[in-house]
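A look at the structure
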Amino acid sequence: ALKRLNGKLFKKISEMRNNLLRLVEQIEGSIDFPEEVPDLDQRDLVALLATTWKDIKSVLNMQDFGKTVSEGVTVLIMGKPNVGKSSLLNRIVGENRAIVTSIPGTTRDYIECSVSLGGGLFNFIDTAGIRASQGDKIEDMGIRKIKRLVKKATVILWIVDGGAPLT
């Protein structure tokens, strides 16, 4: 998949480069040899630049896709304490990777596991429960870490207790 992506990316960049080089040649020719080179059609020039700009944005989007393919999708598992975040992670990875108890606040730091699902790489991150601070310095440090992880996440999976009202 990456080889196909790279081949497609190379072709697209080469096409954009060649179009821009032809445009530069036309501009230079019209300046150096005004009697021999036909005038530039402004509509064609604007259309070519608009198409090239659209292609550049497309290439940048492909770059993001390529990064996702190579580095995986980061899935941040979040929610209040004791809603089943760690239990879900354990089910996904097929082992007891995270400690699960009935005591709220068991997970204080995050736990990261990579899993291949359907041919794609997924990086699951089980986080400490989000709640109002109880004045516990360690818990506060964990919550600050989670807030930084939110910025890196591709997907945030918010887990709730279906038997409790939403608050």
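These remarks concern the structure in this document.

Thresholds, definitions, all that
Residues numbered from 1 in each chain as written. Predicted model: local features only at pLDDT ≥ 70, side-chain atom pairs only at ≥ 80, totals over all residues. Heavy atoms only, no water. Helix = DSSP H or I, 4+ residues; strand = E, 2+ residues; numbered from the N terminus. Polar contact = N/O pair within 3.5 Å; in protein donor to acceptor, adjacent residues only side chain to side chain. Contact = heavy atoms within 4.5 Å. Expected span 1.5 Å × (residues − 1). Buried < 20%, exposed > 50% of the residue type's maximum accessible area, 1.4 Å probe, protein only. Arc of directions from axis to C-beta. Core = buried A, V, L, I, M, F, W, Y, C linked by side-chain atoms within 4.5 Å. Phe/Tyr/Trp six-rings, centres within 6.5 Å; stacked < 30°, edge-to-face > 60°. Pairing = 2+ DSSP bridges. Axes fitted to C-alpha atoms, helices over the stretch in contact; angles between N-to-C directions.

This part is about the side chain of Asn123. The topology assignment puts Asn123 in strand 3 (residues 120-126). Here the side chain of Asn123 touches Ser114 through a polar contact of 2.6 Å, side chain to side chain. With residues near it in sequence (within four places) discarded, Asn123 still touches Glu71, Gly72, Val73, Thr74, Val75, Glu112, Cys113 and Ser114.

For an α-helix, the turn length of 3.6 residues means that residues three or four places apart are oriented alike. If you check helix 4 (residues 137-152), its first and last C-alpha atoms are 24 Å apart, about what 16 residues at 1.5 Å a residue would give, namely 22 Å. All buried positions along helix 4 are accounted for by Glu139, Gly142, Ile143, Ile146 and Leu149. Taken around the axis of helix 4, the buried residues stretch over an arc of 115°, which confines them to a single face. Away from its buried face, by an angle of more than 90 degrees, helix 4 presents the exposed residues Lys137, Met141, Lys147, Arg148 and Lys151. Its buried side turned inward, helix 4 meets strand 1 (73-79) and strand 3.

In terms of nonpolar packing, the biggest core is built from 11 residues, these being Val73, Val75, Ile77, Val83, Leu89, Ala98, Ile111, Cys113, Val115, Phe124 and Ile159. Elements that contribute at least two residues to this core include exactly strand 1 and strand 2 (111-117). Leave out the neighbours within four places in its chain, and Val115 touches Ile92, Val93, Gly120, Leu121, Phe122 and Phe124. Ranked by size, the runner-up nonpolar core spans seven residues in total, among them Met78, Ile125, Ala128 and Ala153.

This paragraph deals with the packing of aromatic side chains. Tallied over the full model, the rule gives one aromatic pair. On the numbers, 6.2 Å between centres and 25° between planes, the contact of Phe122 with Phe124 is stacked. A relative accessible area of 7% means that Phe124 is categorised as buried.

Let's shift gears to helix 3 (residues 85-93). Of the residues making up helix 3, those classed as buried are Lys85, Ser86, Leu89 and Asn90. Down the axis of helix 3, the buried set is contained in an arc of 135°. They therefore lie on one face. Structurally, helix 3 contributes buried residues whose contacts are with strand 1, strand 2, strand 3 and strand 4 (155-159). Note on helix 3: the residue one or two positions beyond its end, Gly94, has a positive phi of about 75°.

Moving on, we come to the sheet that holds strand 2. Pairing is mixed in the open sheet, where four strands are placed in the order 2-3-1-4. Unpaired on one side and paired on the other, strand 2 and strand 4 mark the two borders of the sheet. Averaged over neighbouring strand pairs, the angle between their axes works out to 25° when direction is ignored. Note that strand 1 and strand 3 share five bridges and pair parallel. In the strand pairing of strand 3, Thr74 is matched with Asn123. Running over the sheet, helix 4 touches strand 1, strand 3 and strand 4 and is turned about 140° from strand 1.

For the rest of this paragraph, the subject is the environment of Ile111. Here Ile111 shows up in strand 2. Assessed through its relative accessible area of 17%, Ile111 is described here as buried. Residues in contact with Ile111, not counting those within four places in the same chain, are Leu89, Arg97, Ala98, Phe124, Ile125 and Asp126.

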